Each structure stands twice: as C-alpha cells, then as structure tokens.
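Given next are the chains, with one letter for each unit.
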Amino acid sequence: MSRTSRSNDSICFQIDSTFHSISRHLNSPAAIPLQLMDQQTPTETNGSNENNNIEQHTNIGTNDEEEDEENFRILGHPMHLKRQRDDSNNSNNSNGTSNSNGGTTTESSCSSTSSKRRHIDQVTSLESRRQAVRAWGNQSIQSADPDIFEMLEKEKQRQYKGIELIASENYVSKAVMEALGSHLTNKYSEGMPGGRYYTGNKHIDEIESLCCQRALAAFELDSNSWGVNVQPYSCTSANFAVYTGLLSPGDRIMGLDTPSGGHTSHGYYTPNGKKVSGASIFFESFLYKVDPRTGVVDYEKVEERVMDFHPKILICGGSAYPRDWDYAKFRQIADKCGAVLMCDMAQISGLIAAKECASPFEFCDIVTSTTHKSLRGPRGGIIFYRKGYKPTKRGMLLNQGDSSDKYDFEEKINFAVCSALQGGPHNNHIAALAIALKQLATPEYKAYMQQVKKNAQALASALLRRNCKLVTGGTDNHMLLWDLRNFGLSGKNFEKVCEMCHITVNKIPIFDDHGTMVPGGVRIGTPAMTSRGCLESDFETMGGFLFRAALIARSIQREHGKMAKGILKDGLENNKDIVDLRTQVENFATQFAMPGQDV
Ligand SMILES: Cc1ncc(COP(=O)(O)O)c(C=O)c1O
C-alpha cells in the first residue's frame with residue numbers, strides 16, 4: 001500500500017493497480033471526492049492534537065459537515081475519512097481564497113449560504129447515488145429489456161395460436177405462474193426445513209413443509225411410511241440423486257431402453273455404446289425393451305435380463321409408453337434379485353393422483369416425477385421414498401447389501417439432492433408446486449384428468465378411423481404413439497411439416513417387424529390442449545388436422561425426397577397447402593384461451 005499526496009491537502013491510498021481507475025474517477029467533476037486524511041495517532045483520535053489538515057476542515061465546516069467525517073481502521077491502523085471541500089464552490093465564494101496547490105484555504109467567515117449549498121449538494125448527491133442503484137430494480141421487462149420482452153411476446157403468441165400436442169407439456173394455472181415470478185426467488189435456503197445453512201428461513205420452511213404435506217396427501221401416502229423431497233430442479237436430477245444416494249459409482253441399474261420409450265436418465269447408451277446420460281456414464285446400466293410386435297413391455301424378458309444382470313435399482317416408467325405398467329410384476333422381479341424398485345412416473349403422475357392410471361406406490365420403494373407434465377405444476381422434479389420398517393414378507397433379499405430392517409432412503413436421498421448435487425432449492429418453484437398440489441386434490445382436477453384421457457381416446461379413434469397405425473393399437477393414458485411407416489413418412493419430416501402448420505408434436509423411434517429401430521413415428525399428448533378447454537369433438541378436429549398434415553408431408557416428401565433438410569430449404573413456409581392448414585389451425589386454436597395469460 002503506498003500513499004500519494006494529492007494537489008489539495010487530501011491523501012489518496014493506492015492499494016493495487018485496480019485502484020487507479022478509482023483514483024482517476026475521483027478527479028472527474030461528477031465524482032464525489034472523498035478526502036482520506038492522514039493516519040491518526042491515539043492522541044489525535046482523542047481530538048487533543050489535530051494536525052493542520054484537520055484544523056482547516058473543522059474551521060470551515062458547520063456541524064453538518066463534520067457529520068460527514070468517519071473514523072475507521074485499515075490493517076489495524078486507525079484512519080480518519082473526511083469529505084473533500086468542493087473547489088468550484090470555494091472559487092465562487094468571495095470569502096474563500098485558493099492556495100497554490102489548487103486547494104482552498106479557509107476563513108471562519110465562510111458564508112453559511114455557501115456551506116448550506118455544499119450540504120445540499122452532498123445530500124442530493126447521496127440521494128442520486130441511492131436512486132441510481134434503485135432505478136432499474138423496479139423496471140418492467142418491457143423497459144428493462146425490450147429485446148427479451150419482444151421474444152417473450154412472440155413465444156406467447158406461438159403458444160396461443162398453435163396446437164400444442166407435446167405429451168410432456170402443459171399450461172400452468174395463473175396462481176402457479178404468480179408464485180413462479182414471486183419474491184421467493186430472492187431467498188437462499190440450502191438444507192431441509194428446520195435445518196438450513198442460512199438464517200431467515202422461517203417462512204420458506206413453512207412453504208416447503210406444506211408442499212411436502214400436500215405431495216404426500218395428493219398420492220394418499222402415510223407420512224410414517226413415505227417421505228418426499230420437493231427440491232430437485234428437474235426429474236433428470238431427481239433420478240440421478242436417487243442413484244447417487246443409494247449406489248456407489250459403477251453399481252448397476254436397469255430401465256427401459258430409450259428407443260422402447262424409456263427416458264435417457266434411466267441409463268441410456270446408443271447401440272454403438274455411446275453413453276449419453278449421467279446415469280450410464282457414472283453407473284453401469286443395462287436396458288430392457290418392449291416387444292417389437294406389440295410395443296408392450298415383455299415382462300418375461302425383463303425377468304431374464306434382471307436375473308442375468310442383477311441391478312441394484314430396477315426402474316419402471318417411461319417417456320413414450322402409452323400403456324399402464326404392471327407394478328406388481330416388477331415388484332416380483334425386483335424381489336427375486338434384491339433390487340430396489342423405482343418408478344419414474346413423470347409422464348403420468350397427474351393421472352395417478354387422479355386415480356386414472358394404476359398407482360406405483362403400493363409396489364415401489366422409490367417414485368420420482370417431473371412436476372410440470374400431466375401434474376400441471378411448475379418445471380421441476382420430486383422424489384418419494386419409503387420410510388420406516390421394511391415389509392418382512394419380502395425377506396432378506398430386499399435392498400441388496402443392506403441387512404437393516406428399516407429403510408434408510410431418507411437421509412441418503414436428501415443428502416444426495418442437497419448438497420451432493422444441488423445447492424439452494426428454488427423456493428419460488430416449491431411454492432408454485434405447493435399450489436399445484438393443492439389444485440390436484442380438487443374434484444376439478446379429477447375432472448380435468450378424466451377429460452385428458454377421454455380426449456386421448458377421441459384422438460386415437462379419429463386417427464384409427466383414417467387407417468392410421470398406433471403403437472400398441474391405442475392408449476391407456478394421455479399419449480398416443482403414431483407409427484407413420486404406412487405413410488412412408490419419417491417422424492422427423494412429419495414433425496417439421498406439423499411445425500410449419502403450427503402444430504407441435506415430437507418424433508420417436510419405432511421398432512419395425514424385425515425389431516430394428518426406425519425413426520418412423522411421433523408422440524402426441526392431450527394434457528396441454530385439454531388445459532385450454534378442448535373436449536372430444538375438438539380432438540376429432542385436431543385428428544383431421546394431423547391427418548391432413550401427414551398427407552401434405554407425404555406429397556412434399558415424394559417431391560423433395562426424404563431428407564428433412566430438403567424439405568426445409570425449399571421455402572415450404574409459403575407452400576399453399578401448408579399456409580391453408582396453418583390458417584385453419586390458428587383459427588381453431590385461438591378460440592381457446594391460454595390459461596394464466598391475457599392474450
Ligand atoms: C419419464 C421421464 N423421466 C424424466 C424426464 C425428464 O424430466 P426433466 O426434463 O424434468 O429432467 C422426462 C421428460 O420428458 C420423462 O418423460
């Protein structure tokens with residue numbers, strides 16, 4: 001640290017090179033000059049032996065000015081900080097004279113008007129600094145960031161004007177949206193309710209505890225036998241937290257293969273062995289498949305594979321599986337090899353809560369889910385785990401390697417979520433989830449879920465009537481898998497043509513009759529459009545639009561070849577058939593309001 005004397009009687013401290021910019025700033029007319037006076041001796045601090053510099057200032061100052069002085073310590077040395085006199089003010093002041101250094105000598109006759117003006121300037125300056133910090137804190141997106149505002153508006157229009165048929169998507173309620181955009185985002189609360197790393201979490205604890213209670217109630221779970229963690233940022237992280245908590249790196253897991261409808265977070269790797277999921281990178285995964293002839297899980301094969309591979313965690317549940325799961329059968333298989341049975345109910349958790357799909361809770365040890373699909377809550381994940389005594393009838397094999405008679409998931413899973421994999425939970429998300437879970441317990445939610453299923457049936461009938469082929473021949477839940485091979489279409493081209501017509505679906509692989517995977521299908525789901533108020537007849541209409549899009553895609557594909565790139569290159573946005581269908585789709589979709597938004 002070096003000291004450099006300044007032109008007027010102040011002293012500038014130079015701590016390191018970055019300080020240059022600060023000292024330069026001090027010379028600018030806009031800056032509020034601070035004058036750092038010389039180091040004080042203990043006697044000086046007592047005020048008995050002040051040096052000239054201090055005397056000068058105390059002479060000029062009124063009491064108001066003296067209040068701007070401050071004592072503090074640097075590296076244990078007592079220092080005295082005093083606001084510098086304003087040269088311009090003094091040069092205008094007939095009672096003041098400038099010294100040769102450009103500083104000011106003072107006289108006790110300095111007018112009180114000038115002194116007051118200085119004081120007002122200082123206060124104004126302080127206020128303007130305060131305002132400068134506060135100013136942008138209250139701006140709306142529109143004025144703070146017009147670019148992002150415009151993009152948000154465009155996305156809102158896209159969501160409103162189009163037909164949303166991605167099975168994983170939904171429109172949240174206004175209350176959920178409000179909580180997501182709330183001040184809860186300001187608070188840090190690493191840890192669990194009652195045991196946070198930071199203070200100030202009284203209300204956050206209440207919110208998270210209520211959210212947990214509601215989560216257990218939504219699935220009719222007894223808090224003595226089940227616990228829940230509502231902090232995961234997504235279902236992928238929820239799944240990975242389960243593996244991290246319960247397994248050692250390299251331990252074995254087994255889930256449904258992604259081309260068969262499983263999710264990548266269950267341990268997917270490509271046919272040539274590329275590991276594309278943290279679950280397959282850090283753990284050893286082996287996957288089971290659906291029967292290519294029926295599209296349904298082949299339980300006998302699952303058992304065979306499980307007995308060969310002996311996974312520590314067996315996973316049921318998937319992303320693109322339109323039929324109910326036989327959880328009892330999975331339990332039997334898991335018990336044979338002592339595996340923990342986990343269900344990822346992400347797609348169907350809303351249907352399960354409304355009792356419109358079989359429940360995994362009776363048979364599984366751990367159940368994970370997203371909170372934003374059929375559940376209609378905010379984007380995130382959740383983990384339910386068993387607590388208390390293990391059922392004895394499952395015998396010694398349950399929980400391989402763990403001879404205890406009690407489940408130990410709670411501590412392991414909570415620790416894996418925070419702090420092994422995540423930091424502070426997103427409290428705005430947790431409050432929004434609590435709201436969604438409250439809505440889940442209402443008769444209106446049950447009616448909504450029943451409608452989601454009826455609509456999926458109506459859409460399936462509309463397509464089947466037009467000789468379209470559905471994987472498994474239909475659906476038990478909210479989604480259909482449309483096998484486009486009899487149109488000679490790839491899922492990718494169909495998906496693109498639909499997008500141009502303002503219908504959103506997503507491509508999926510389909511097994512051909514020889515069990516080879518071809519990208520020949522799309523997945524279609526009904527929750528989002530049901531949230532906008534569409535009923536069976538509306539889904540009949542949407543079935544007609546989808547069929548029309550398939551015919552358009554086929555004729556374009558015949559003309560341009562199968563490569564999606566070719567389709568997109570040729571300016572098909574203006575193709576007459578596409579423009580006509582897009583107009584019909586938008587006229588149809590805009591009849592239905594977008595929940596939670598004024599559009
Ligand atoms: C079964 C299943 N699990 C997990 C996920 C991943 O969820 P997230 O995007 O929250 O990680 C999905 C998403 O579609 C899913 O379908």
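The name given to the chain in an unreviewed UniProt entry is Serine hydroxymethyltransferase, and the organism recorded there is Helianthus annuus. According to its UniProt record, the chain has this under Sequence similarities (unreviewed entry): "Belongs to the SHMT family." Annotation of the chain in UniProt includes, under Cofactor (unreviewed entry), the sentence "pyridoxal 5'-phosphate".

### Details of the overall build of the chain
For the chain, the helix and strand inventory stands at 23 helices and 22 strands. Of all intrachain contacts in the chain linking residues separated by at least 6 positions in sequence, the fraction that spans at least 24 positions is 70%.

### Topic: the pairing of strand S12 (residues 252–256)
Summarising burial for S12: four of the five residues are buried, a large majority. Note that S12 and strand S14 (residues 313–316) share two bridges and pair parallel. Bridge pairing in S14 places Ile 253 opposite Ile 313.

### As for the sheet that holds strand S13 (residues 284–288)
Taken in spatial order, the seven strands of this open sheet run S11-S17-S16-S15-S14-S12-S13, and their pairing is mixed. Bordering the open sheet on either side are strand S11 (226–229) and S13, each of which pairs with just one other strand. Averaged over all adjacent pairs, the angle separating strand axes in this sheet is 20°, with direction ignored. Two elements, strand S15 (residues 340–344) and strand S16 (residues 366–370), share three bridges in a ladder whose sense is parallel. When the sheet's bridge partners are listed, Met 342 is paired in S16 with Ile 366. Across the sheet, helix H14 (residues 327–337) lies against S14 and S15, angled at about 165° from S14, the strand it touches most.

### Notes on the packing of helix H21 (residues 536–560) against helix H23 (residues 576–589)
Packing of H21 against H23 leaves a shortest axis separation of 11 Å and a crossing angle of 165°. Classed by the angle they form, the pair H21 and H23 counts as roughly antiparallel. Pair H21 / H23 crosses with left-handed handedness. On the side of H21, the interface is formed by Thr 541, Phe 545, Arg 548, Ala 549 and Ile 552, while H23 contributes Asp 577, Ile 578, Leu 581, Gln 584, Val 585 and Phe 588. Its residues assigned to classes, the contact of H21 with H23 shows seven nonpolar, two polar and two charged.

### Some details on H23
Relative to the 20 Å expected for 14 residues at 1.5 Å per residue, H23 spans 20 Å between its end C-alpha atoms, a close match to the ideal helical length. Turning to H23, its buried residues are Ile 578, Leu 581, Arg 582, Val 585 and Ala 589. Burial along H23 is one-sided: seen end-on, the buried residues are contained in an arc of 105°. Along H23, exposed side chains directed more than 90 degrees from the buried face belong to Lys 576, Thr 583 and Asn 587. In this structure, the buried residues of H23 make contact with helix H8 (146–161), strand S8 (163–164), helix H19 (491–500), strand S20 (503–504) and H21.

### A closer look at the site of the ligand
Taken together, 14 residues form the shell around the ligand, and within it Ser 234, Cys 235, Thr 236, Ser 319 and Ala 346 come nearest. Of the residues in the shell around the ligand, the class split is two nonpolar, 11 polar and one charged.

### Describing the sheet that holds strand S21 (residues 506–511)
Across a sheet, strands are paired by hydrogen bonds formed along the backbone, either parallel or antiparallel in direction. The strand order across the open sheet formed by four strands is S18-S19-S22-S21, and the pairing between neighbours is antiparallel. The outermost strands of the open sheet, each flanked by one partner alone, are strand S18 (469–470) and S21. Sheet topology note: the S21/strand S22 (residues 517–525) ladder contains five bridges and is antiparallel. Bridged to Ile 510 within S22 is Val 518. Relative to the sheet, helix H18 (residues 443–465) contacts S18, strand S19 (479–483) and S22, its axis offset from that of S19 by approximately 15°. H19 contacts S21 and S22 of the sheet and is inclined by roughly 35° relative to S22.

### Topic: H18
Owing to its 3.6 residues per turn, the α-helix brings residues three or four apart onto one side. An ideal rise of 1.5 Å per residue puts 33 Å on 23 residues; H18 measures up with 33 Å between its terminal C-alpha atoms. For H18, the full list of buried residues reads Tyr 445, Met 449, Gln 451, Val 452, Lys 453, Asn 455, Ala 456, Ala 458, Leu 459, Ala 460, Ala 462 and Leu 463.

### Considering the environment of Gln 142
Tracing the backbone shows Gln 142 in helix H7 (residues 141–144). With 12 C-beta atoms counted inside 10 Å, the residue Gln 142 sits in the exposed group. Here the alpha-carbon distance between Gln 142 and Leu 152, two residues 10 residues apart in the chain, equals 9.9 Å.

### Considerations on the environment of Ile 503
Assignment of secondary structure puts Ile 503 in strand S20. Given 23 C-beta atoms within a 10 Å radius, Ile 503 is considered buried. Separated by 78 residues in sequence, Ile 503 and Leu 581 place their C-alpha atoms 9.8 Å apart. Setting aside residues no more than four positions away along its own chain, Ile 503 makes contact with Gly 162, Ile 163, Leu 165, Cys 498, Phe 545, Leu 546, Ala 549 and Val 585.

What counts and how
Residues numbered from 1 in each chain as written. Predicted model: local features only at pLDDT ≥ 70, side-chain atom pairs only at ≥ 80, totals over all residues. UniProt positions renumbered as here; feature names shortened; annotations may be inferred. Helix = DSSP H or I, 4+ residues; strand = E, 2+ residues; numbered from the N terminus. Contact = placed C-beta atoms within 7 Å. Buried ≥ 20, exposed ≤ 12 C-beta atoms within 10 Å, placed from the backbone. Pairing = 2+ DSSP bridges. Axes fitted to C-alpha atoms, helices over the stretch in contact; angles between N-to-C directions. Parallel < 35°, antiparallel > 145°, perpendicular 65-115°, else oblique. Left-handed = near helix turned anticlockwise from the far one by under 90°. Nonpolar A, V, L, I, M, F, W, Y, C, P; charged D, E, K, R; others polar. Expected span 1.5 Å × (residues − 1). Arc of directions from axis to C-beta. Near = placed C-beta within 6 Å.

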